[in-house]
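Each chain, letter by letter, is given below.
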Amino acid sequence: MRRRLSQVRRESVGLVKRVDAFPKIPDDCREKSTTGATVSLLSFSVIAILVTSEVQRYGRSEIRYQYEVDREISEKLNITVDITVAMPCEYVGADVTNSLGHYWSLRDQMTYFELTEKQKREQRKLQSVRRAINAKRSLRDVILQSGLDTSRTIIRHDHKTLYKKQVDACRFHGQLEIDKVSGTLHIMAGRSVQHGSGHNHYLAPDLLQSDKPVTYNFSHRIDLLSFGALTPGILNPLDGEEKNTDTGNMMYQYVVQVVPTTVRTSRISAQTHQFAVTEREKAVEAAYGRVTSGVAGIYIAFELSSIRVHITEEERSLGHLAVRLCGIIGGVYTTSGVLYSLMATLTAQLFGKDETVQVLQETITTDGSVQEQEETVTVELH
C-alpha cells in the first residue's frame, strides 16, 4: 500500500514537472563573459531609471478631455460682464441682444479709467498667467488640478479711491441669464433705449448740436467676461484685457466661440462654458454728427458650439502601476537578450571566435587532458 502511494506521488510530481514553463539549466552549462556582464549592467541601470520614473508618475493624476454632441437644450447661458470704457456714461451705452430678438441692458457706473497701484499689480498678475497658459498648454491642466480660485484674479473696483480729479470713465457690469443662442454685446455711442421694434442708441443733444466732429474714445478694459459660472481652475481669455487708443472713433470687434464644458476633478465639480476669441480693430471715418465707414464701438459677438467638452481627472490604479512595471522589466530583459546576441555575433565576426565558445573549448581541452592522464595511470598500474 505504501509503495502504491509512493508511486502515485512520484507520477503526480512528474505530471507537474511537465508543465514547468521555466526549465532549469545546469550550472555546469552556464558560462559568464565580459560581454554578458556589460549588457547586464546596462539593463539593470535602464530598469532602475524607468521603474523610478514610473513610480514617481504614479503619484500624479492626468487631465482627460472627451468630446460629445451637446444635448442640454434647456440649459441657460449665464453671462457676467464687467467692462470699463474711457468715456462718461452720458455719452455711451451698453446692451445685449440675441438671435431671438430679446434685449437686456447692463448697469452703468461712473468710475476712473486709470487703475490704482494695487489694481495694476492685480492686472499684471492676471495678464502674466494668461500669457503663460497660452505659451504652455500643460499649465492649464496644472491649474485645473490645483483648483485655483480664479475669482481672486479679478480686478476689484475700489469705490473709496484717493483720486481727486473728476471721474472720466463708465463701468458696465451685470449678470444675465439668457437662452443658449447666439447674440451680441454692444457698447456704442449714445444711451441705449428699447422700443417696440428693437432698440436704438441716442446721442447726447449737446453733441448733436455741436459744430465740431463727433469723436469718441473707446479705450476700454475688460475686467471680467464669462459665459458661465465662475469655476475654480478656469481662466477666461479676455479677463484683464486692455485696449488704449489715441485715435477717436475706433471699432473693436471680438468674435467669441462659446463651448459648453463639464468639469469633474478631485477639487472641482461644475457645469460651465469656456470660450475662444478672435479680435479685430479698425478706425472709422467721422463726419459732422455721424460716421461714414462703420459704427465706432465695442462689439462682442458670441456663438454657441454644438460640442460639449468633458474634463475629468484620471488617477492611476495600483494594478495599472503593476502592469507598467512588469512591461518595463520584461521588455528591457528581452531587449537585452537580443542586444547580447547581436554583440556576440559581431564579436565572432570581428575577432574570429565567440568568447563563450572559446571558454567552452578550453574547458573541453582541459577535461580531455585530465582524462588521458587518468587512463595512462590506470595502464601503468595494470
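This one's a predicted model, so the numbers in the text were calculated from it and none came from an experiment.

## Here we look at the packing of aromatic side chains
And then number 1: Counted by the stated rule, this structure contains two aromatic pairs.
And then number 2: Measuring from centroid to centroid gives 5.3 Å for F227 and F275, while their planes differ by 75°, and the two rings are edge-to-face. Taken as a pair, F227 in the loop between β10 (220-226) and β11 (241-243) and F275 in strand β13 (residues 269-283) lie far apart in primary sequence, 48 residues in all. For the pair shown, F227 and F275 are each scored as buried.
And then number 3: On the numbers, 5.4 Å between centres and 55° between planes, the contact of F227 with F302 is tilted. Within this pair, whereas F227 is found in the loop between β10 and β11, its partner F302 is found in strand β16 (residues 297-304), the two being separated by 75 residues in sequence.
And then number 4: In this structure an aromatic cluster arises from ring pairing among F227, F275 and F302.
And then number 5: Here R221 stacks its cationic end above the ring of F113, 5.2 Å away from the centre of that ring.

## Re the nonpolar core
And then number 1: Core analysis: the biggest nonpolar cluster contains 39 residues, and F218, F227 and F302 have the highest contact counts within it.
And then number 2: Mapped onto this core, the elements with two or more residues apiece are β2 (76-85), β3 (92-98), β6 (169-179), β7 (183-189), β10, β12 (250-264) and β16.
And then number 3: Ranked by residue count, the leading element in this core is β12, at six residues.
And then number 4: Those residues in contact with F218, other than ones at most four positions away along the chain, are V85, M87, V92, I187, M188, A189, M250, Y252, A296, G297 and I298.
And then number 5: Formed by eight residues, the second largest nonpolar core is a distinct cluster that contains I63, L144, A270 and I311.

## Describing the pairing of β3
And then number 1: Burial analysis of β3 places seven of its seven residues in the buried class, which makes it a mostly covered element.
And then number 2: Side chains V92, A94, V96 and N98 project from β3 onto one buried face, and the interleaved G93, D95 and T97 project onto a second face that is buried too.
And then number 3: Pairing geometry for β3 and β7, over seven bridges, is antiparallel. Looking across to β7, one finds that A94 is bridged to I187.
And then number 4: In the sheet, β3 pairs with strand β4 (residues 103-105) via three bridges, with the strands oriented antiparallel. For V96, the partnering residue across the bridge sits in β4 and is W104.

## What to know about the sheet that holds β10
And then number 1: Spatially, β5-β6-β2-β10-β11 is the arrangement adopted by the five strands of the open sheet, whose pairing is antiparallel. Two strands close off the open sheet at either side, each with one partner strand: β5 (107-111) and β11. Looking at each pair of strands side by side, their axes are set apart by 15° on average, direction ignored.
And then number 2: Bridge count between β2 and β6: ten bridges; the pairing is antiparallel.

## Some points on the state of the cysteines
And then number 1: Across all of its chains, the model carries one disulfide by this definition.
And then number 2: Through a disulfide, C89 is tied to C170; the S-S separation comes to 2.1 Å. Of note, the bridge from C89 to C170 carries an S-S torsion of about 100° and is right-handed in sense. In this pair, C89 is assigned in the loop between β2 and β3 and C170 in strand β6, connecting sequence segments 81 residues apart.

## Here's the deal with the pairing of β13
And then number 1: Two elements, β12 and β13, share 15 bridges in a ladder whose sense is antiparallel. Within β13, the position partnered with Y254 by the bridge is E279.

## Let's talk about the environment of T245
And then number 1: Structurally, T245 can be placed in the loop between β11 and β12.
And then number 2: Residues T245 and F218, spaced 27 residues apart in sequence, show a C-alpha to C-alpha distance of 7.5 Å.

## Some thoughts on the environment of I234
And then number 1: As for its position among the elements, I234 is in the loop between β10 and β11.
And then number 2: Using a relative accessible area of 9% as the deciding quantity, one classes I234 as buried.
And then number 3: Taking C-alpha positions, I234 is 8.0 Å from R140, a pair spaced 94 residues apart along the chain.

## Let's talk about a nonpolar patch on the surface
And then number 1: On the surface, Y67, V69 and I307 cluster together to form a nonpolar patch covering roughly 300 Å² of accessible area.
And then number 2: Position of Y67 relative to the elements: it lies in strand β1 (residues 62-69).

## With respect to the confidence of the model for the protein
And then number 1: Per-residue pLDDT for the protein averages 77, and the proportion of residues at 70 or more is 69%.
And then number 2: The least confident element of the protein is helix α7 (residues 355-381), whose mean pLDDT is 50; the most confident is β16, at 93.

## Digging into the pattern of salt bridges
And then number 1: Taken as a whole and judged by the stated rule, the model has 15 salt bridges.
And then number 2: Residue R71 is joined to E68 by a salt bridge in which the shortest nitrogen-to-oxygen separation is 3.9 Å.
And then number 3: Of the charged contacts in the structure, one is a salt bridge between K180 and E75, with a shortest N-O distance of 3.2 Å. Here E75 lies in the loop between β1 and β2 and K180 lies in the loop between β6 and β7, a separation of 105 residues in the sequence.
And then number 4: Using a relative accessible area of 17% as the deciding quantity, one classes K180 as buried.
And then number 5: Because the salt bridges share partners, they merge into one network encompassing D70, E75, K180 and R308.

## Regarding helix α3 (residues 117-135)
And then number 1: For α3, built from 19 residues, the straight-helix expectation of 27 Å at 1.5 Å per residue is met to within 8% by its first-to-last C-alpha distance of 27 Å.
And then number 2: Turning to α3, its buried residues number three or more, namely Q119, E122, Q123, L126, R130 and I133. Each buried residue of α3 sits inside an arc of 100° when the element is viewed along its axis, so together they form one side. Opposite the packed face of α3, turned more than 90 degrees from it, sit the exposed residues R121, R131 and A135.

How each quantity is defined
Residues numbered from 1 in each chain as written. Predicted model: local features only at pLDDT ≥ 70, side-chain atom pairs only at ≥ 80, totals over all residues. Heavy atoms only, no water. Phe/Tyr/Trp six-rings, centres within 6.5 Å; stacked < 30°, edge-to-face > 60°. Helix = DSSP H or I, 4+ residues; strand = E, 2+ residues; numbered from the N terminus. Buried < 20%, exposed > 50% of the residue type's maximum accessible area, 1.4 Å probe, protein only. Lys NZ or Arg CZ within 6 Å of the ring centre and 35° of its normal. Core = buried A, V, L, I, M, F, W, Y, C linked by side-chain atoms within 4.5 Å. Contact = heavy atoms within 4.5 Å. Pairing = 2+ DSSP bridges. Axes fitted to C-alpha atoms, helices over the stretch in contact; angles between N-to-C directions. Disulfide = S-S within 2.5 Å. Patch = residues over 30% accessible without salt bridge, like charges linked within 9 Å, V, L, I, M, F, W, Y side chains within 5 Å. Areas by Shrake-Rupley, 256 points an atom, 1.4 Å probe, with all protein chains shown as cover. Salt bridge = Lys/Arg side-chain N within 4 Å of Asp/Glu carboxyl O. pLDDT = per-residue confidence, 0-100. Expected span 1.5 Å × (residues − 1). Arc of directions from axis to C-beta.

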